[in-house]
Protein chains: 2
Amino acid sequence: MSIRIGILGYGNLGRGIECAVKQNDDVSLSAIFTRRDPSSVKILTDGAGVYSVNEIEVHKDEIDVMILCGGSATDLPEQTPEYVKYFNVVDSFDTHAKIPEHFSTVDAAAKASGHVGIISVGWDPGMFSLNRLYANAILTEGSDYTFWGKGVSQGHSDAIRRIDGVKDARQYTVPVEKALNSVRNGDNPNLSTREKHTRECYVVAEEGADLARIENEIKTMPNYFADYNTTVHFISEEELKAHHSGIPHGGSVIRTGITGWNGENKHVIEYSLKLDSNPEFTSSVLIAYARAAYRMNKEGQIGCKTVFDVAPAYLCAQSGEYLRKHLL
Amino acid sequence: MSIRIGILGYGNLGRGIECAVKQNDDVSLSAIFTRRDPSSVKILTDGAGVYSVNEIEVHKDEIDVMILCGGSATDLPEQTPEYVKYFNVVDSFDTHAKIPEHFSTVDAAAKASGHVGIISVGWDPGMFSLNRLYANAILTEGSDYTFWGKGVSQGHSDAIRRIDGVKDARQYTVPVEKALNSVRNGDNPNLSTREKHTRECYVVAEEGADLARIENEIKTMPNYFADYNTTVHFISEEELKAHHSGIPHGGSVIRTGITGWNGENKHVIEYSLKLDSNPEFTSSVLIAYARAAYRMNKEGQIGCKTVFDVAPAYLCAQSGEYLRKHLL
């Protein structure tokens, strides 16, 4: 019997989950729930239902784990504590500063209903967090560095699109090679925001728009661009479509530290990702943790969990015996 | 109250553990056990005892976790199941092919005595294994690659030292940059042994020894060197001491894989280590897992575990709340 997955929200992430289910034999897609009119949503999987989110509770006995694909700003703070009442759930809540608060509301609801809710699953938070933890557990004296990119930042692309005269835009976050190499060499540098990342913008302007003004508005935008070296390229709509339609991302988590009686030896631990599709990779992580949520709940565990609380073996379909033999 | 650590075996690894204890405030070194005459063993830590291994059981109530620093060939297969009778234990058993057998003897003894025994802890097996597992759980369709080095192989250095006319030697395992780059690019190459690593040997010959014969014996040695491109440098004893007395190591675990409805997107996950001191880094991993063994046993868990069975949060001294706030 496979683990029956439900998906709430059918955007890039929801579609990624659907693809990831196809790659994992021990899970199956039971249904997709949407806020749109279900008859307007065309999915890829034969045999899976498409229902309105308003009737989600009716399906509680058909789904082992519900994967919540809403946004972190307004959807997940409400959805995760709400739906953990009926299902084991996994979300990719990524507002780092609000994780403690989200954890405690989900934990209370999950404990009351007897379910497992795993929050903040993906790559950052998620795999990057895990690697920060492992590296900190090992090298207790050291420094942490996280570099993102080269990859598309949806938030920054949206910020550019809101500028008057901009038709479309794509923003890439790019780590500064020199800074990255200095960290990898164990130089332990103190790096400002500007020294760590640059921002590359590809902008389609409306006809007759004032390009100099747009460029200036981008480069001086507080929080988003003002603290970075930013380059702006005006391109045609066709070029944007041809060369910038993917959603790649990635980055590196690095910890450098010392050991020895007098701290005489240096070490560098690096975890890095190079992803063609940010949402599909995130989805693949979510499916592995959906498997874990199901198994942990089967064993009687309840409450809110993060990637820190999940023993790695729960993530793999294979037996402990197989994993020890082939991967240890 | 700190976690009281015992060390069995005071070689490079045992000394590394002693240093790692100093870097972790929540653990303390209770005693070191040795097969040598205890009065001949000088340690660095004030207040820790040095005892003969023959009286190890007498100290069972003074030690929360015993870290076993013996070798995998003959020591650990006997020591781990033996001492888990009296202590929670952690070892760094690294004979990959014999892990299933070791797991089952340790598991039986640990369950009978009510202790936790965590085996095969370090970086390979250990952190590399963990990264293989996480990457396989996420990218279920893909290929695994492990590269080692640049680093000192003790086994290969010893093999050279056994050759007639060799006074001392140091062997470095070096990953082939071209192969590494091809894997990182996602080319998914099929690589032979020779294509993945080269072997660099620094040899101190006895006076008057036949250097051509030594070089030939090294390069044609089955299993150790015959399948590799090997270079041999004859150097003086002083040069060996000055430039090759460290025990650096490292390497990379890489998994490449695909996602998407038709497998259209590629991803690369890489975990890499650059270590000045192999035994000290391994020791730092062992201390983190000693903490986990203590906590898991406190919670009532018993039996043999590997890194796959340990939820990451157990490894850190900090609370779950702290970890979620600062590392997630």
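Residues numbered from 1 in each chain as written. Chains lettered and ligands numbered in written order. Predicted model: local features only at pLDDT ≥ 70, side-chain atom pairs only at ≥ 80, totals over all residues. Heavy atoms only, no water.

Asker: Would you explain the overall build of chain A in this entry?
Answerer: Tallying secondary structure elements over chain A gives eleven helices and 14 strands in all. In terms of C-alpha radius of gyration, chain A reaches 22 Å, essentially the compact-globule figure of 20 Å for 328 residues. With the C-alpha coordinates aligned to their principal axes, the bounding extent of chain A is approximately 65 × 60 × 35 Å. A total of 328 residues make up chain A; the buried ones form 58% of that total. Pairs at least 24 apart in sequence give 68% of the contacts found in chain A among residues at least 6 apart. For chain A, the accessible area works out to roughly 13600 Å², and carbon and sulfur atoms hold 46% of it. Distance between charge centroids for chain A: 3 Å, based on 33 positive and 43 negative side chains. (Helix = DSSP H or I, 4+ residues; strand = E, 2+ residues; numbered from the N terminus. Rg over C-alpha atoms; globule rule 2.2 N^0.38 Å. Buried < 20%, exposed > 50% of the residue type's maximum accessible area, 1.4 Å probe, protein only. Contact = heavy atoms within 4.5 Å. Areas by Shrake-Rupley, 256 points an atom, 1.4 Å probe, with all protein chains shown as cover. Lys, Arg positive; Asp, Glu negative; His and termini not counted. Charge placed at Lys NZ, Arg CZ, Asp CG, Glu CD.)

Asker: What am I meant to see in the packing of aromatic side chains here?
Answerer: In this description, a pair of aromatic rings is defined by centroid distance and the angle of the planes. Scanning all chains against the criterion turns up eleven aromatic pairs over all chains. Summarising the aromatic geometry, the rings of Phe128 of chain A and Tyr271 of chain A are spaced 6.1 Å apart at their centres and angled 85° between planes, so their arrangement reads as edge-to-face. With a gap of 143 residues between them, Phe128 of chain A in helix H4 (residues 127-138) and Tyr271 of chain A in strand S13 (residues 265-275) connect regions that are remote in the sequence. Tyr271 of chain A sits in the buried class, given a relative accessible area of 2%. Here the aromatic rings of Tyr172 of chain B and Tyr202 of chain B are separated by 5.7 Å at their centres, their planes lie at 85°, and the arrangement is edge-to-face. Of the two residues, Tyr172 of chain B is situated in strand S9 (residues 166-175) and Tyr202 of chain B in strand S10 (residues 197-205); the sequence distance between them amounts to 30 residues. Each member of the pair, Tyr172 of chain B as well as Tyr202 of chain B, carries the same accessibility label: buried. Feature note: the residues Trp123, Phe128 and Tyr271 of chain A constitute an aromatic cluster, connected by ring pairs. The cationic tip of Arg15 of chain A hangs over the ring face of Tyr10 of chain A; the distance from NZ or CZ to the ring centre is 5.4 Å. Cation over ring: Lys22 of chain A sits above Trp261 of chain B, and NZ or CZ is 4.4 Å from the ring centre. (Phe/Tyr/Trp six-rings, centres within 6.5 Å; stacked < 30°, edge-to-face > 60°. Lys NZ or Arg CZ within 6 Å of the ring centre and 35° of its normal.)

Asker: Sorry if this is basic, but what is going on with the environment of Trp148 of chain B here?
Answerer: Residues and elements named next belong to chain B. Secondary-structure assignment places Trp148 in strand S7 (residues 142-148). Sequence-distant contacts of Trp148, that is, excluding residues within four places in its chain, are made with Trp123, Asp124, Phe128, Thr173, Val174, Pro175, His197, His249, Gly250 and Gly251. A distance of 2.9 Å separates polar atoms of two side chains, one belonging to Trp148 and the other to Asp124. (Polar contact = N/O pair within 3.5 Å; in protein donor to acceptor, adjacent residues only side chain to side chain.)

Asker: Please explain the interface of chain B and chain A as it appears in this structure.
Answerer: Reports of interface size often rely on the accessible area that becomes lost once the parts have come together. In this complex, chain B contributes 68 residues to the contact, which on the side of chain A involves 68 residues. Of the roughly 6100 Å² buried between chain B and chain A, counting both surfaces, carbon and sulfur atoms make up 62%. Summed over the shared surface of chain B and chain A, the number is zero salt bridges. Summed over the shared surface of chain B and chain A, the result is 31 residue pairs in polar contact (both at pLDDT 80 or more). Going through the elements one at a time, helix H1 (12-22), helix H3 (99-113), helix H4 (127-138), strand S12 (249-259), strand S13 (265-275), helix H10 (278-298) and helix H11 (320-326) of chain B are the ones with two or more residues in the side of chain B that touches chain A. When residues in the side of chain B that touches chain A are grouped by element, the largest group, eleven residues, is from S13 of chain B. (Buried area = accessible area lost by both parts, 1.4 Å probe. Salt bridge = Lys/Arg side-chain N within 4 Å of Asp/Glu carboxyl O.)

Asker: Would you mind showing me how to read the pattern of salt bridges here?
Answerer: Opposite charge on two side chains allows them to pair when their charged atoms are near. Overall, the coordinates contain 30 salt bridges over all chains when judged by the stated rule. With a shortest N-O distance of 3.9 Å, Asp61 of chain B and Lys60 of chain B are connected by a salt bridge. Here Asp61 of chain B falls in the exposed class, since its relative accessible area comes to 60%. Residue Lys60 of chain B is classed as partly exposed on the basis of its relative accessible area, which comes to 38%. Where salt bridges share partners, they join Asp158, Arg161 and Asp168 of chain A into one cluster.

Asker: Is there a simple way to think about helix H10 (residues 278-298) of chain A in this case?
Answerer: Given 3.6 residues per turn, any residue in an α-helix points the same way as the ones three and four places further on. Residue and element names in this part refer to chain A. Over its 21 residues, H10 runs 31 Å from end to end, which matches the ideal 30 Å to within 8%, given 1.5 Å per residue. With 19 of its 21 residues buried, H10 lies for the most part within the structure. Among the residues of H10, the N-terminal cap falls to Ser277, whose side-chain oxygen and the backbone nitrogen of Glu280 are separated by 3.1 Å. A positive phi of about 100° marks Gly300, the residue just after H10. (Expected span 1.5 Å × (residues − 1).)

Asker: I'm lost on the state of the cysteines in this one. Help?
Answerer: Think of a disulfide as a covalent bridge from one cysteine sulfur atom to another cysteine sulfur atom. Within this structure, the stated rule accounts for zero disulfides over all chains. Between Cys19 of chain A, a free cysteine, and Cys69 of chain A, which holds the nearest cysteine sulfur, the sulfur-to-sulfur gap is 12 Å. (Disulfide = S-S within 2.5 Å.)

Asker: Can you help me understand the nonpolar core in this one?
Answerer: One broad trend across soluble globular proteins is that nonpolar side chains are buried collectively. With 157 residues, the main nonpolar core has Ile5 and Tyr289 of chain A together with Ile5 and Tyr289 of chain B as its most contacted residues. When sequence neighbours within four positions are dropped, the list of residues in contact with Ile5 of chain A reads Ile17, Val21, Val27, Ser28, Leu29, Ser30, Ala31, Ile63, Val65, Ile67, Ile287 and Ala290 of chain A. (Core = buried A, V, L, I, M, F, W, Y, C linked by side-chain atoms within 4.5 Å.)

Asker: Please explain the sheet that holds strand S14 (residues 303-305) of chain B as it appears in this structure.
Answerer: Hydrogen bonds along the backbone pair up the strands of a sheet, which may run parallel or antiparallel. Residues and elements named next belong to chain B. Here we have seven strands laid out as an open sheet, ordered S3-S2-S1-S4-S5-S6-S14, and parallel in their pairing. Each end of this open sheet is capped by a strand with a single partner; those strands are strand S3 (49-52) and S14. Neighbour to neighbour, the strand axes of the sheet diverge by 25° on average, direction disregarded. In this structure, strand S1 (residues 3-8) lies alongside strand S2 (residues 27-34), joined through six bridges in parallel fashion. Its bridge partner lying in S2, Ile3 is registered against Val27. (Pairing = 2+ DSSP bridges. Axes fitted to C-alpha atoms, helices over the stretch in contact; angles between N-to-C directions.)

Asker: Can you walk me through the packing of helix H2 (residues 75-83) of chain A against helix H3 (residues 99-113) of chain A in this structure?
Answerer: The geometry of a pair of packed helices is captured by two quantities: the angle between their axes and the separation between those axes. Residues and elements named next belong to chain A. Their axes nearest at 8 Å, the elements H2 and H3 cross at an angle of 20°. The orientation of H2 with respect to H3, classified from their angle, is roughly parallel. Relative to H3, the crossing made by H2 is right-handed. In this structure, H2 uses Leu76, Pro77, Thr80 and Pro81 to contact H3, whose residues at the interface are His102, Thr105, Val106 and Ala109. (Parallel < 35°, antiparallel > 145°, perpendicular 65-115°, else oblique. Left-handed = near helix turned anticlockwise from the far one by under 90°.)

Asker: Looking at this model, I keep getting lost on the sheet that holds S7 of chain B. Mind explaining?
Answerer: If you walk across this open sheet you meet the six strands as S7(A)-S12(A)-S13(A)-S13(B)-S12(B)-S7(B), and the pairing is antiparallel. Here the strands that pair on one side only, and so sit at the sheet edges, are strand S7 (142-148) of chain A together with S7 of chain B. Each strand axis lies, on average, 10° off the axis of its neighbour in the sheet, ignoring direction. When strand S12 (residues 249-259) of chain A meets S13 of chain A, the two strands line up antiparallel, connected through eleven bridges. Looking across to S13 of chain A, one finds that Ile254 of chain A is bridged to Glu270 of chain A. Along the sheet face, H10 of chain B touches S12 and S13 of chain A together with S12 and S13 of chain B and points at about 70° away from the line of S13 of chain A.

Asker: Is there a simple way to explain the relation of the copies chain B and chain A in this structure?
Answerer: The relation between the two copies of this chain is a rotation about an axis and a shift parallel to it. By a simple turn and slide, chain B fits onto chain A: the slide is 0.0 Å along the axis, the RMSD is 0.0 Å, and the turn is 180°. In symmetry terms, the pair is related by a two-fold rotation axis. Among all C-alpha atoms of chain B, that of Ala311 of chain B lies closest to the rotation axis, at 1.9 Å. Both copies share a contact surface, since 100% of the interface residues of chain B are interface residues in chain A too. (Least-squares fit on C-alpha atoms with pLDDT ≥ 70 in both.)

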